[in-house]
Amino acid sequence: KSGKRLLRIIMVILVFSSIYYINRWITGAIPTIGLMNYINSIIYCPQTFSHWYLYMYIGLLLMMPFLQKMIANMNKLDCQILIGISLFVYGTLPIIEYNWPQLTTSKLMDYSLFTSFINMMLIGHYIKKYVEPTKKVLVISSVGFIVTMMFNVWISCYEFQKNAGSNYLFYENRVLINIILEAAFFFNIVRCIKWKDSWSKWIKLVGGCTFGMYLFNDLIIEKTMFLYYYFCEKGIWPNISEVIWQIVIFTISLIITLILKQVPFIKKLI
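Cut-offs applied
Residues numbered from 1 in each chain as written. Predicted model: local features only at pLDDT ≥ 70, side-chain atom pairs only at ≥ 80, totals over all residues. Heavy atoms only, no water. Core = buried A, V, L, I, M, F, W, Y, C linked by side-chain atoms within 4.5 Å. Buried < 20%, exposed > 50% of the residue type's maximum accessible area, 1.4 Å probe, protein only. Helix = DSSP H or I, 4+ residues; strand = E, 2+ residues; numbered from the N terminus. Contact = heavy atoms within 4.5 Å. Patch = residues over 30% accessible without salt bridge, like charges linked within 9 Å, V, L, I, M, F, W, Y side chains within 5 Å. Areas by Shrake-Rupley, 256 points an atom, 1.4 Å probe, with all protein chains shown as cover. Salt bridge = Lys/Arg side-chain N within 4 Å of Asp/Glu carboxyl O. Axes fitted to C-alpha atoms, helices over the stretch in contact; angles between N-to-C directions. Left-handed = near helix turned anticlockwise from the far one by under 90°. Nonpolar A, V, L, I, M, F, W, Y, C, P; charged D, E, K, R; others polar. Phe/Tyr/Trp six-rings, centres within 6.5 Å; stacked < 30°, edge-to-face > 60°. 1 Å grid on protein atoms, 1.4 Å probe; cavity = no way out; pocket = protein on both sides within 12 Å on 5 of 7 lines; lining within 4 Å. Points joined across faces, edges and corners; volume = space filled by probe spheres on them. Expected span 1.5 Å × (residues − 1). Bend = angle between axes of the 7 residues up to and from the residue.

Here's the deal with the nonpolar core
If you look at the biggest cluster of nonpolar residues, it comprises 36 residues, and the most contacted ones within it are Ile9, Val12, Phe16, Leu54, Phe211, Leu215 and Ile270. Of all elements in the fold, only α1 (2-26), α2 (35-44), α3 (52-72), α6 (116-130), α10 (210-233), α11 (238-260) and α12 (264-269) reach the threshold of two or more residues within this core. Residues in contact with isoleucine 270, not counting those within four places in the same chain, are Arg8, Phe16, Gly208, Phe211, Gly212, Leu215, Thr257, Leu260 and Lys261. With 13 residues, the next largest nonpolar core counts Met74, Ile83, Ile123 and Tyr126 among its residues.

Concerning unusual backbone geometry
The bulk of non-glycine residues show a negative phi, and the bulk of peptide bonds are trans. At asparagine 167, a residue that is not glycine, the phi angle is positive and equals roughly 50 degrees. In this fold, asparagine 167 is placed in the loop between α7 (135-162) and α8 (177-192).

A closer look at the side chain of glutamate 182
Mapped onto the elements of the fold, glutamate 182 is located in helix α8. Look past the residues within four positions of glutamate 182 in its chain and what remains in contact with it is Phe145, Thr148, Met149 and Asn152.

Some details on a nonpolar patch on the surface
Judged by side-chain polarity, Ile22, Trp25, Ile26 and Ile33 come together as a nonpolar surface patch covering roughly 390 Å² of accessible area. Relative to the assigned elements, isoleucine 33 resides in the loop between α1 and α2. Given a relative accessible area of 40%, isoleucine 33 falls into the partly exposed group.

Concerning the packing of α10 against α11
Between α10 and α11, the shortest axis-to-axis distance is 8 Å and the interhelical angle comes to 145 degrees. The interaxial crossing formed by α10 with α11 has right-handed handedness. Across the contact of α10 with α11, the residue classes tally to 19 nonpolar, 6 polar and 1 charged.

Description of the packing of aromatic side chains
Per the stated rule, a full pass over the model turns up 19 aromatic pairs. With centroids separated by 5.7 Å and ring planes inclined at 90 degrees, the aromatic side chains of phenylalanine 16 and phenylalanine 216 adopt a geometry described as edge-to-face. Separated by 200 residues along the polypeptide, phenylalanine 16 in helix α1 and phenylalanine 216 in helix α10 bring together distant segments of the chain. Each member of the pair phenylalanine 16 and phenylalanine 216 is classed as buried. Among the aromatic residues, ring-to-ring pairing joins Trp52, Tyr53, Tyr57, Phe117, Phe211 and Tyr214 into one connected group.

Brief notes about the pattern of salt bridges
Considering all chains together, one arrives at 3 salt bridges under this definition. Among the salt bridges present, the one from glutamate 159 reaches lysine 162, with a minimum N-O distance of 3.2 Å. Of this pair, glutamate 159 and lysine 162 are both found in helix α7, 3 residues apart, which corresponds to roughly one turn of the helix. Residue glutamate 159 is classed as buried on the basis of its relative accessible area of 1%.

A closer look at the environment of leucine 62
On the secondary structure map, leucine 62 appears in helix α3. Assessed through its relative accessible area of 51%, leucine 62 is described here as exposed. The spacing of leucine 62 and glutamate 159 is 97 residues in sequence and 38 Å in space, taken between C-alpha atoms.

Observations regarding the environment of leucine 6
Tracing the backbone through its elements, the reader meets leucine 6 in helix α1. C-alpha of leucine 6 to C-alpha of glycine 59: the two residues are 53 residues apart in sequence and 9.1 Å apart in space. Setting aside residues no more than four positions away along its own chain, leucine 6 makes contact with Ile58, Leu61 and Leu62.

Focus: the layout of surface pockets
The volume enclosed by the largest pocket comes to roughly 1,200 Å³. Lining the largest pocket are 24 residues, and of these Trp52, Tyr53, Met120, Ala183 and Phe187 lie nearest its centre. At the level of elements, α1, α3, α6 and α8 are the ones that each hand at least two residues to the lining of the largest pocket. Split by residue class, the lining of the largest pocket holds 20 nonpolar, 1 polar and 3 charged. Empty space within the second largest pocket amounts to approximately 260 Å³.

A few points about α1
For an α-helix the count is 3.6 residues per turn, leaving residues at separations of three or four pointing the same way. End to end, α1 covers 36 Å across 25 residues, agreeing with the expected 36 Å (1.5 Å per residue, within 8%). If you look at α1, its biggest bend is around 30 degrees, right at serine 17. Here α1 has its buried residues at Ser2, Leu6, Ile9, Val12, Ile13, Phe16, Ser17, Tyr20, Tyr21 and Asn23. Tucked inside the fold, the buried residues of α1 contact α2, α3, α10 and α12. One or two steps after α1, the chain reaches glycine 28, where phi turns positive at roughly 90 degrees.

The following block contains the structure:
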């Protein structure tokens with residue numbers, strides 16, 4: 001099963017990276033194109049920033065069969081301890097070292113097992129297995145999500161002011177505890193909500209397109225960025241302009257994905 005998933009992601013990288021590769025040539029970012037040049041370039045790095053996840057996911061898929069065997073033999077307390085250690089080592093310790101450099105720990109210590117990406121999967125497993133989707137859990141998760149989201153907005157504003165507008169995105173790192181907790185709370189909210197059948201049908205339709213939308217997202221952002229500046233020039237508040245722009249990006253990506261899902265080979269990939 002992991003082998004099939006691995007082959008699928010490799011095919012996704014090969015097929016969809018070509019779109020960004022050709023776009024880079026059209027826009028003059030690279031002088032020439034060629035098959036071997038393309039193969040070498042995708043081995044070295046993603047063709048667009050957001051596709052880093054596909055490369056990371058390949059590593060996770062290689063580890064998945066062994067991680068599944070390990071987790072299958074873990075009880076609830078084992079999971080809690082592993083999650084707690086992971087949240088501290090890679091989610092909290094970098095924040096401590098960032099604010100108090102004198103407390104920096106030795107980099108010779110290797111905490112590979114506690115990496116945040118494995119921890120995120122473990123948290124999802126723990127929530128699914130041990131957390132009942134009740135109304136009480138929904139309320140707690142909603143409050144937790146709002147609090148962590150407000151904290152993340154505040155801390156970014158604080159860093160922006162402290163650093164005079166530069167190097168203010170430290171706390172947006174996806175592996176830090178403030179981001180992981182916000183994601184976990186949101187994941188739990190979605191689990192707890194009971195959707196009506198009429199809504200459920202549309203949610204499943206859009207949900208089934210999210211991977212395809214993700215693959216095209218950076219390209220659509222690049223090609224529609226002029227809209228954001230256009231809205232701002234028309235006197236629309238920048239935050240509102242950005243929301244409108246995001247709706248446009250979402251809609252275009254959804255339409256493209258729905259069309260491509262009609263192509264048998266592409267449908268299997270996305």
